[in-house]
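# Architecture and fold: a report
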Amino acid sequence: SDIAQSTPLNKIEAVHIDGVWEIRLEAGEAISAIKFNLATRLLVPTLEGATQKYLNRTDSTEVEESMLQSIRSNLSRVGYPLAELELKKDRSKGRLTYVIDVNEQEPCFVERIQIAFPLPKGAKLEIAPGAICDLNKISHAVDELEEQIRQLGFTQLKMSYQGLTYIRGKTRGILRIMGVLGNQIR
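Residues numbered from 1 in each chain as written. Predicted model: local features only at pLDDT ≥ 70, side-chain atom pairs only at ≥ 80, totals over all residues. Heavy atoms only, no water.

## Brief notes about the pattern of salt bridges
This is how it is decided: A side-chain nitrogen of Lys or Arg and a carboxyl oxygen of Asp or Glu constitute a salt bridge if their distance falls within 4 Å. The buried label applies to any residue whose accessible area, calculated with a 1.4 Å probe on protein chains only, is under 20% of its type's maximum; exposed applies above 50%, and partly exposed to all values in between. Numbering of helices and strands starts at the N terminus; helices are DSSP runs of H or I of at least 4 residues and strands are runs of E of at least 2.
Evaluated as defined, the whole model comprises 11 salt bridges. The salt bridge partner of R24 is E22, with a shortest N-O separation of 2.9 Å. Here R24 falls in the partly exposed class, since its relative accessible area comes to 35%. In this structure, R150 engages E146 in a salt bridge whose closest nitrogen and oxygen atoms are separated by 3.1 Å. Of this pair, R150 and E146 both sit in helix α4 (residues 135-151), four residues apart, which is roughly one turn of that helix. Sharing partners across several salt bridges, the network here consists of E29, D59, E64, K89 and R91.

Pasting the structure below:
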């Protein structure tokens, strides 16, 4: 355990031979840095945040796959579900740097918004058709809409955000908000 924590290893095993324990090690490389090449510079902080936990981890196929899956998930959540990734490794100056080329492809846009009840006067959803399918912004806008409706006196509101349904090869999405709006308290 102490050896594994002190240096990056691809393999460690203990073998008992003739009453003696022999520890066999296979050295590995630690990931020193992760860099992104992409056109949409606004996505860099999101991707850097998603990959910070992989810094200083031992380079392995499992780490690569986990990191790429995390990046894909984050890109999908901010409106780029079709993004393509290519991982390259740069070994220079004794450091291993992951260089990830991101081809964002066409983003997803909200095509339609379906709300199961008529919005009361004074309440407005801050997401409109044509907005990028950023699930964080959509969720925040739905929460704000619910708060607006409650402030207007609709305390019997039962509202549930059903998420986004992708259509047209994930380039468009339908936002569905289900629920029931009770009577307004006067």
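After that view, the rundown keeps rolling.
## Details of the sheet that holds strand β4 (residues 84-92)
So the rule is basically this: Paired strands, in this sense, are two strands between which DSSP finds at least two bridges. A fitted line through C-alpha atoms represents every axis, and for helices the fit uses only the stretch in contact; the resulting angles, taken between N-to-C directions, go from 0 to 180 degrees.
If you trace the three strands from one edge of the open sheet to the other, you get β3-β5-β4, paired in mixed fashion. Each edge of the open sheet is held by one strand with a lone partner, namely β3 (31-37) and β4. Neighbour to neighbour, the strand axes of the sheet diverge by 20 degrees on average, direction disregarded. Here β3 pairs with strand β5 (residues 95-103) via six bridges, running parallel. Each residue of the ladder has a partner; that of I31, found in β5, is L96.

## Examining the pairing of strand β8 (residues 172-180)
Bridge analysis of strand β6 (residues 109-115) against β8 gives six bridges, and the strand direction is parallel. Bridge pairing in β8 links V110 to G173. Alignment of strand β7 (residues 158-167) against β8, held across eight bridges, turns out to be antiparallel. Residue pairing across strands places Y166 opposite G173, the latter belonging to β8. Counted along the chain from β7 to the antiparallel partner β8, the turn is four residues long, and its residue R168 has a positive phi close to 50 degrees.

## Details of the sheet that holds β7
Stated formally: Only heavy atoms enter the contact rule, under which two residues are in contact if any of them lie within 4.5 Å.
The three strands lie next to each other as β6-β8-β7, forming an open sheet whose pairing is mixed. Strands at the two margins of the open sheet, each flanked by one partner only, are β6 and β7. Looking at each pair of strands side by side, their axes are set apart by 20 degrees on average, direction ignored. Contacts between α4 and the sheet are confined to β6, β7 and β8, with β7 contributing the most and set at about 155 degrees to the helix.

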